[in-house]
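As a plain string of letters, each chain reads:
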Amino acid sequence: MKKANSKGEKLDPNPKNNCGVSSKYCSATDATFKAKDLQWVQCMSCDQWFHVWCVRLNNRTYKEEEVFFCCGADACPEAIAGLNGEVYAKYVSRKRDN
Ligand SMILES: [Zn+2]
Ligand SMILES: [Zn+2]
């Protein structure tokens, strides 16, 4: 039998409501962001969506000429940093400083 989700998280049927960063590292789950219109970016390889905030610590949309990969040989450093929790750690320490 196939497991529905290895992380045991409840997935929204709309992929755009699931940030590719694990919920542990998704800063957009913070209540501060609930009212904000968060921007998303999609991996050009696996079609996974990410909050721009979760990979860049800002809410600026990607420009058309910018590429975004979360996986494969062309994975963006910011995507890797988001996935391994570095971006979230930065966000947390920034919050602490304020
Ligand atoms: Zn996120
Ligand atoms: Zn990907």
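Residues numbered from 1 in each chain as written. Chains lettered and ligands numbered in written order. Predicted model: local features only at pLDDT ≥ 70, side-chain atom pairs only at ≥ 80, totals over all residues.

Spelled out, the test is: UniProt positions are given in the numbering used here, feature names are shortened, and annotations may be inferred rather than shown by experiment.
Named according to an unreviewed UniProt entry, the protein chain is PHD-type domain-containing protein originating from Caenorhabditis japonica. The Subcellular location (unreviewed entry) field of the UniProt record for the protein chain holds the comment "Nucleus".

1. Describing the overall build of the protein chain
Operational definition: Helix numbering and strand numbering both begin at the N terminus, where a helix is a DSSP run of H or I of at least 4 residues and a strand a DSSP run of E of at least 2.
Each helix and strand counted, the protein chain has three helices and two strands in total. The linear arrangement of helices and strands in the protein chain, starting from the amino end, is β-β-α-α-α.

2. Some details on the environment of Thr29
For clarity, the threshold we go by: Exposure in this text rests on C-beta crowding, where 20 or more other C-beta atoms within 10 Å of a residue's own make it buried, 12 or fewer make it exposed, and counts in between make it partly exposed. The C-beta atoms are placed from the backbone.
Among the structural elements, Thr29 can be located in the segment before strand E1 (40-42). Residue class for Thr29 comes out partly exposed when judged on the 15 C-beta atoms lying within 10 Å of it.

3. Concerning the nonpolar core
Inclusion rule: What we call a nonpolar core is a set of buried Ala, Val, Leu, Ile, Met, Phe, Trp, Tyr and Cys residues whose membership is set by joining through C-beta atoms within 7 Å. Remark: residues whose backbone-derived C-beta atoms lie within 7 Å of one another are considered to be in contact.
Cys19, Val21, Cys26, Phe50, Cys54, Val55 and Ala79 are the most contacted members of the largest nonpolar core, which has 18 residues in total. Mapped by element, the contributors of at least two residues to this core are helix H1 (52-56), helix H2 (77-83) and helix H3 (86-97). In terms of residues, this core owes the most to one element, H1, which gives four residues. When neighbours within four sequence positions are excluded, Cys26 is seen to be in contact with Cys19, Val21, His51 and Cys54.

4. A look at the environment of Leu57
Residue position: Leu57 is located in the loop between H1 and H2. Note: C-alpha distance between Leu57 and Ser27 (30 residues apart in sequence) is 8.8 Å. Setting aside its immediate chain neighbours within four residues, Leu57 contacts Val87, Lys90 and Tyr91.

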